[in-house]
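These are the residues of each chain, in order.
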Amino acid sequence: MAMKGKTIDAQWSGTWVAQRLGVRLEGPEGEGPQGAARLAELLGLALRRNPKRAHLLVSQVLGKHVPQSPATVYAAGYGLGERVRELLGDRAACALVLGYAETATGLGHCVADGLGAAPYLHSTRRPVPGMRPAGGFEEAHSHATSHLLLPEDPKLLAGDGPLVLVDDEFSTGNTVLNTIRDLHARHPRRHYVVVALVDMRSAADRDRLTAFAAELDARVDLVALASGTVSLPEGVLARGQALVEEHEAHGPAEPTDGAASAGVVRARGDRAGDPLGGAAGAAAGDDPARAGSAGDGRAASTPAAGDPAGDPAGDPAGGPCVRVVLEWPDGVPDGGRHGFTPGHREALEAALPALARQVAARLGERPGRVLVLGNEELMYAPLRLAAALEESGAADEVRFSSTTRSPVLAVDDPGYAIRTRLVFPAHDAPADGPGDRYAYNVAGAGFDAVVAVVDSAGDTPGLHTGLLAALAPHTGRVVLAVVPSYAPGIPGAPHRQEPTMPEPTLPEPLRGPAFSSYAPEDVGWLLQDLSAVELEAPTEEREEAIQAGGAHYAESLPVEYQPSERYQTLYQDALAASAARVARAVGTVTETVLAERSPSPVLVSLARAGTPVGVLMRRWAAARHGLDLPHYAVSIVRGRGIDANALRWLAAHHDPADVVFVDGWTGKGAITRELREALAGFEGFNPEIVVLADPGACVETYGTREDFLIPSACLNSTVSGLVSRTVLRSDLVGPDDFHGAKFYRELAGADVSGAFVDAVAARFDEVAEAVDAEVKELLAADRTPTWVGWAAVERISEEYGIHDVNLVKPGVGETTRVLLRRVPWKILAQRGAGSDLDHVRLLAGQRGVPVEEVDDLPYTCVGLIHPRFTRGATGADGKAVAAK
């Protein structure tokens, strides 16, 4: 199918960025200017706020950011599918096409159409109650990182035919490698085909894919419309970020060619607090009262009027607006979220002319220029509807684009790809909570009518006061076309599914730098931010309150211990001495997990001691295997179990069987038992925790069973991303909330979280050989827990007349916690213990606590709390232990 309808502007829409940042598109070696010209025809450039990449490649033929002829958009994907069909030959009949949300959902559909007989599935960021993911993966550079695979028929992913993966661009290949690795571990295949509009990988990225294919013993082909590279001068990221800051603060420069008079609204700085400036204002000559706040392209909050049943309705911004519920064919999904078969495609093809007539009847006579606007992941149905309108001749001109979750700077210049921007709130109760959504290059583009296509789940009052209100000032008519949301497992679902009250949704994980000092890709915190709440009290007062009222230790926080200069020196010396030892333990536990638990695990650390370990395990997997493992931190509270809402979020976004719970170390195994009991009521999760150090011999998967100084145990939040211990209090944490924690931003000057991780990761190469040998031995060894630590704790409790194991805190890590947070009685130290206990001796001296050297101690040290002074002591239920 030949591409048609493409209009090329006289000026390349990447000129503005290229001139200011020196970014260049370069074609394949040997093609010369022709290759670069082909890339420029397909791509423009824009800027966005992103810690890894400031520039954005904006496709001219995708139908996402740039309104385009639907025939051009469809032909681009369909033609790629034809090329894949030719490549696969007879094997095309048993292929599966997988597209990426949100940008490539429609493109993947089109590729499947061109391939012919292949079913289609796209990833999604919309969890569906009752549907367990058949897979999932992370896209770390994306605006929203977690992808779910939710096929209605799980066998869709179980075949061994070729798997065709479709994305809009192939830049580094990380996301595709993550996907293939995850799915190959479940259902190995011999052939993978990667399809993209453009292949922009570096030579190193190409070599990495070749090595990856050899590692899998599989064939991996790539098909693209064009290929090349993006040439980035040194310092481009910082200069790009500064350029975004400048336009956020001052607004963009005046148009260079009178664009406003040509019907393109000049982007303005957003005075309503949008994170990226440049939202589109009202069109020249429009009444500002009809636009969003301050003419910035934001949606007004005027309530919608009119009949919700599907006939003419008053537009919230004052213009005519009509609504039509499309007579969608029975049993045909609204897209590929749960699978889309060739039979579904045939039924939709047959229905398209009638669907187009339904919409055309609402457009009036000769509507002129019409934009059909898809909605985030819903791209294919609007695209096919737009193409049918275009073919019918119902309008002088039809264009297609989609709304998106991704914020991009808008600059009104013909040499910039994103000229204007409309901003409006999400209207479909997204799983990650409320937030802004965007429509680009719509405002001021001179469309006589806009057909907004949504599924019935998104047909809410917020749609009318949001997207539709934002569109109304910029077009003569708005038509709302509603596609029935597909209900998996309900054949012949009704044409219209009225929106129902959604189940309580949970927000996306908190990430740095907004919460914690870790990089956003290092860890997502399944917690709520309680930084503004006063929760700390001096240790004595806090424990007195716990003892007097039977309060739970997780209902308040101790005041964060701030180390003295001498103590900080001890920490630095300890880190220098033990970094390689920690690195070896990290490598050992990570390799054991990859070998025995899952080739693509989802790391879930127990906040907060487990979090630095989870970050390091993720770093090892990336450094040694090129894996980009998801990592989250969750709360577990002794006596109250693990955060059930966090588990619910994990089950909705990942296969529970892939989840691996991570902690720093074991003492006597209390948290090991707590986790096992807490998970008894949750299906699919493996309750066996993995730890860096297991001196208590309580778990099967560990990095070492030696009780040595893990430097991260020496400090509190300043080595754990500046995040507090977790909090669970009924007046702060509701039934649908995550547990809470605080982000101590004010301690940034003392933070060593990143430096700790970097220091350990720097030793990975030197310990790799030792790790390989150790893992080989461990995999063949009997690692059944002996609970030797628990036996020692019981003996010590009796010998010292304590008679309560909860007052005995074994191991270097637990002893350090006693000295930092509790009111200790004495410290037992293994006779002859060396520098591992320097920090313990210093803290004990500062608090006047005696250190007693003993023999036959299975731990390096043990902290004791006197039975006649139990402030700081907590029992198995998390409450204060009564005095003896």
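Here, the structure is the one placed above.
Source: prediction; values computed, not measured.

Some details on the pattern of salt bridges
If charged atoms from side chains of opposite charge come close, those side chains can pair. For the structure on display, the rule yields 37 salt bridges. Glutamate 26 serves as the salt-bridge partner of arginine 24, at 2.6 Å between the closest nitrogen and oxygen. With relative accessibility at 29%, the residue glutamate 26 sits in the partly exposed group. Notably, a salt bridge pairs glutamate 349 with arginine 384, separated by 3.0 Å at the nearest N-O pair. Separated by 35 residues along the polypeptide, glutamate 349 in helix 8 (residues 342-363) and arginine 384 in helix 9 (residues 380-392) bring together distant segments of the chain. The exposure class of glutamate 349 is partly exposed, given its relative accessible area of 34%. For arginine 384, a relative accessible area of 9% puts it in the buried group. Salt bridges linked by common partners bring Asp113, Arg345, Glu349 and Arg384 together as one network.

Some points on the nonpolar core
Membership of the largest hydrophobic core comes to 113 residues, with the highest contact counts inside it found for Leu47, Val97, Leu115, Val164, Val195, Tyr416 and Val451. Judged by nonpolar contacts, the second largest core, of 79 residues, contains Leu629, Ala713, Val767 and Leu819.

Here's the deal with the pairing of strand 36 (residues 851-854)
Where strand 35 (residues 826-830) and strand 36 come together, four bridges link them in parallel fashion. Residue glutamine 830 lies in a different strand from strand 36, and its bridge partner there is valine 854. With helix 20 (residues 838-847) bridging strand 35 and its parallel neighbour strand 36, the resulting β-α-β unit is right-handed.

Looking at the packing of aromatic side chains
Across all of its chains, the model carries 10 aromatic pairs by this definition. Both rings, one in tryptophan 620 and one in phenylalanine 764, keep their centres 4.9 Å apart while their planes meet at 70°; by these two values the pair is edge-to-face. Of this pair, tryptophan 620 sits in helix 13 (residues 610-625) while phenylalanine 764 sits in helix 17 (residues 764-780), and the two are 144 residues apart along the sequence. Classification of tryptophan 620 by relative accessible area gives buried; the value is 0%. Relative to phenylalanine 685, the ring of phenylalanine 661 lies with its centre 6.2 Å away and its plane at 50°, an arrangement referred to as tilted. Of this pair, phenylalanine 661 sits in strand 30 (residues 659-665) while phenylalanine 685 sits in the loop between helix 15 (670-678) and strand 31 (690-693), placing them 24 residues apart in sequence. The exposure class of phenylalanine 685 is buried, given its relative accessible area of 8%. Members of the aromatic cluster, connected to one another through ring pairs, are Phe515, Tyr518, Trp525 and Phe743.

Rules and cut-offs
Residues numbered from 1 in each chain as written. Predicted model: local features only at pLDDT ≥ 70, side-chain atom pairs only at ≥ 80, totals over all residues. Heavy atoms only, no water. Salt bridge = Lys/Arg side-chain N within 4 Å of Asp/Glu carboxyl O. Buried < 20%, exposed > 50% of the residue type's maximum accessible area, 1.4 Å probe, protein only. Helix = DSSP H or I, 4+ residues; strand = E, 2+ residues; numbered from the N terminus. Core = buried A, V, L, I, M, F, W, Y, C linked by side-chain atoms within 4.5 Å. Pairing = 2+ DSSP bridges. Right-handed = clockwise from strand over helix to strand, strands pointing away. Phe/Tyr/Trp six-rings, centres within 6.5 Å; stacked < 30°, edge-to-face > 60°.

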